[in-house]
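Letter by letter, the chains look like this.
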Amino acid sequence: MEDQPIMTVAAPLPVPARWLALVAVLAGLAFLPLAAVLEGPAVVAAKGAGVTLLALAALALRAPGGGWLAAIMAAGALGDVLLEIPGLFIAGAGSFAAGHIIAMIFYARRRRPSGAPLRLGAAALILFGLIMPPLLQPRLLPVGVAMLYAVLLCGMAASLWLSRLPRIAAWGALLFVASDTLIVARLAGHSLGGPTLSGAAVWLSYLAGQAMIWLGVARGLISDQSAAGASGPGAG
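Residues take numbers from 1 onward in each chain, read along the sequence in its written order. Only residues with pLDDT of at least 70 get local features here, since the model is predicted, and only at 80 or more are side-chain atom pairs given and counted; chain-wide, interface and lining totals rely on the full set of residues. With hydrogens and water stripped out, all remaining heavy atoms of the structure feed into the side-chain values.

Visitor: Mind laying out the nonpolar core, listing which residues take part and the relevant values?
Guide: Counting residues in hydrophobic clusters, the biggest one holds 56 residues, and the most contacted among them are Leu61, Tyr107, Trp214 and Val217. Put simply, the parts of the chain that give this core at least two residues each are helix H1 (15–35), helix H2 (41–60), helix H3 (66–84), helix H4 (89–108), helix H5 (116–136), helix H6 (143–161), helix H7 (167–187) and helix H8 (195–231). Secondary structure elements follow DSSP: runs of H or I no shorter than four residues count as helices, runs of E no shorter than two count as strands, and numbering proceeds from the N terminus. The element best represented in this core is H2, accounting for 10 residues. If we ignore the near neighbours within four places in the chain, the residues touching Leu61 are Leu13, Pro14, Ala17, Leu69, Trp214, Ala218, Leu221 and Ile222. Ranked by size, the runner-up nonpolar core spans 5 residues in total, among them Leu141, Ala146, Ile183 and Leu187. Side-chain atoms within 4.5 Å link the members of a nonpolar core, which is a set of buried Ala, Val, Leu, Ile, Met, Phe, Trp, Tyr and Cys residues. Exposure classes here rest on a 1.4 Å probe applied to the protein chains alone. A residue is buried below 20% of its type maximum, exposed above 50%, and partly exposed in between. A contact between two residues is defined here by any heavy atoms of the two lying within 4.5 Å.

Visitor: Give a description of the packing of H5 against H7 that names residues and reports values.
Guide: Lines fitted to C-alpha atoms define the axes here, with helix axes fitted over just the stretch in contact, and angles between the N-to-C directions of these axes take values from 0 to 180 degrees. Relative to each other, H5 and H7 sit at 10°, their axes nearing to 10 Å. Classified by the angle between their axes, H5 and H7 sit roughly parallel to one another. Handedness of the crossing formed by H5 with H7: left-handed. On H7, the residues that touch Leu118, Leu125, Phe128, Met132 and Leu136 of H5 are Arg167, Leu174, Val177, Thr181, Val184 and Ala185. Only Asp, Glu, Lys and Arg are considered charged, only Ala, Val, Leu, Ile, Met, Phe, Trp, Tyr, Cys and Pro nonpolar, and every remaining residue, Gly among them, polar. Along the lines of polarity and charge, the residues of the contact of H5 with H7 split into 9 nonpolar, 1 polar and 1 charged. Any angle between 65 and 115 degrees counts as roughly perpendicular, while under 35 counts as roughly parallel, over 145 as roughly antiparallel, and the rest as oblique. Left-handed describes a crossing whose near helix is turned anticlockwise from the far helix by less than a right angle; the clockwise case is right-handed.

Visitor: Residue-level account of the layout of surface pockets, with values.
Guide: Both cavities and pockets are sets of points on a 1 Å grid over the protein atoms alone; in a cavity a 1.4 Å probe fits but cannot get out, in a pocket the set is open with protein on both sides within 12 Å along at least five of seven lines, and lining residues sit with an atom within 4 Å of a point. Grid points are joined across faces, edges and corners, and a volume is the space filled by probe spheres set on the points. Considering only enclosed or pocket space, the largest pocket measures out at about 660 Å³ in volume. Taken together, 31 residues line the largest pocket, and the ones lying closest to its centre are Lys47, Leu83, Ile183, Arg186 and Val202. Among the elements that make up the lining of the largest pocket, the one with the highest residue count is H7 (7 residues). Its residues assigned to classes, the lining of the largest pocket comprises 24 nonpolar, 2 polar and 5 charged.

Visitor: So what's going on with a nonpolar patch on the surface? Which residues, and what values?
Guide: Patch membership needs two things, relative accessible area over 30% and no salt bridge, and members are linked within 9 Å if like-charged or within 5 Å if nonpolar (Val, Leu, Ile, Met, Phe, Trp, Tyr). For the area figures, the Shrake-Rupley method with a 1.4 Å probe applies, and any residue is considered shielded solely by the protein chains shown. For this analysis, a salt bridge means a side-chain nitrogen from Lys or Arg found within 4 Å of a carboxyl oxygen belonging to Asp or Glu. Taken together, Val15, Trp19, Leu22, Leu26, Leu29 and Leu204 make up a surface patch of nonpolar side chains, about 580 Å² in accessible area. No other element matches H1, which puts 5 residues into the nonpolar patch.

Visitor: Mind laying out unusual backbone geometry, listing which residues take part and the relevant values?
Guide: Phi is positive for Arg62, close to 50°, though the residue is something other than glycine. Within the element layout of this structure, Arg62 appears in the loop between H2 and H3. According to the relative accessible area criterion, Arg62 is exposed, its value standing at 73%.

Visitor: Which residues make up empty space enclosed by the protein, and what values do they have?
Guide: Counted according to the given criterion, the structure contains 1 cavity of 30 Å³ or more. Here the largest cavity is characterised by a volume of approximately 100 Å³. Around the largest cavity, the lining is made up of 14 residues, and of these Ile72, Gly99, His100, Phe176 and Gln210 lie nearest the centre. If you list the elements that add at least two residues to the lining of the largest cavity, you get H3, H4 and H8. The leading source of residues in the lining of the largest cavity is H4, at 6 residues. Classifying every residue of the lining of the largest cavity gives 9 nonpolar, 5 polar and no charged.

Visitor: Describe the packing of aromatic side chains, listing the residues and the values that go with them.
Guide: Centre-to-centre distance and the angle between the planes together describe a pair of aromatic rings. Stacked, edge-to-face and tilted are the three classes for Phe, Tyr and Trp ring pairs, Trp counted by its six-membered ring, which pair at centre distances within 6.5 Å; planes under 30 degrees apart are stacked, over 60 edge-to-face, the rest tilted. Following the criterion strictly, the structure yields 8 aromatic pairs and no others. Ring centres of Trp161 and Trp171 lie 5.4 Å apart, and the angle between their planes is 85°; this geometry places the pair in the edge-to-face category. Placement of the pair is Trp161 in helix H6 and Trp171 in helix H7, with a sequence separation of 10 residues. Between Phe176 and Tyr206, the ring centres sit 5.3 Å apart and the planes meet at 85°, which makes this aromatic pair edge-to-face. Of the two residues, Phe176 is situated in helix H7 and Tyr206 in helix H8; the sequence distance between them amounts to 30 residues. Take Phe176 and Tyr206: they sit in the same class, and that class is buried. Here a set of aromatic residues connected by ring pairs shows up, and it is made of Phe31, Phe96, Phe176, Trp203 and Tyr206.

Put into C-alpha cells, the structure is as follows:
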C-alpha cells in the first residue's frame, strides 16, 4: 500500500517568515553578479547573506522545531562563508557536516511509516555517498575526508526522504547532493563547462536546494503546530 501523507492540516506561513525567506532567495541570487565585482570581506558577506536570512526566517516561524531548522541553516551559512575564505575549505566542509548531523537528528524524529521503495531510495543515497568520492577522485581533498562528508550529506538527504515532512524538502535535499557532487567533480578536474558556468551551476542548485528544504520543513512545522492547536484543550 502506498505511504499516506501524515500532515493534513494546511496553514499559511507567518508573514515575517515568508518575507525573510523571499529576501533570502533574492540575496542568494544576487550573489552571482555581486561576486564578479566584489572582493575580500564584501564577497564573503554576500555569499553568506542568503542562507543566514533563511536561518532568521526559521526563527520567525515561531513554531516548535524552528530553532532546529535555524541551526541547520546557520551551519550552512557558516559553511558558505568559510568556503569563500582561502585556506578554510576543510573548515567550511566541517560546518556543513555539522549541519547535516543536526538535520539527521531532527528529521529522524519525524519519520513516516515507510515501505520498501522509500527504504531502497534511502539506501541508494547512502550508497551514492560511499562510491561518489572514490569514483571522481578529487585531487585537492583526501578521498577519506570526501567520503565521510558525502556519507553525512547523503545521510541527511536519506533521513529527509524518509521523513513525514512535505516532499519538496526531500527534493531540495537531492539538489543539495547534486550541488556538492558538482563541487567534488570540479575538484577532480571534471568541470561542467568553464569556471563561470560550473560555479553558477553549483551555487544555483545549492541555493534552490536550501530554499526548498526550508520551505518544506517550515510548512511541516506550521502544519504540526496547527494540528496540535486544533486537537488541544477546547478544540471542537
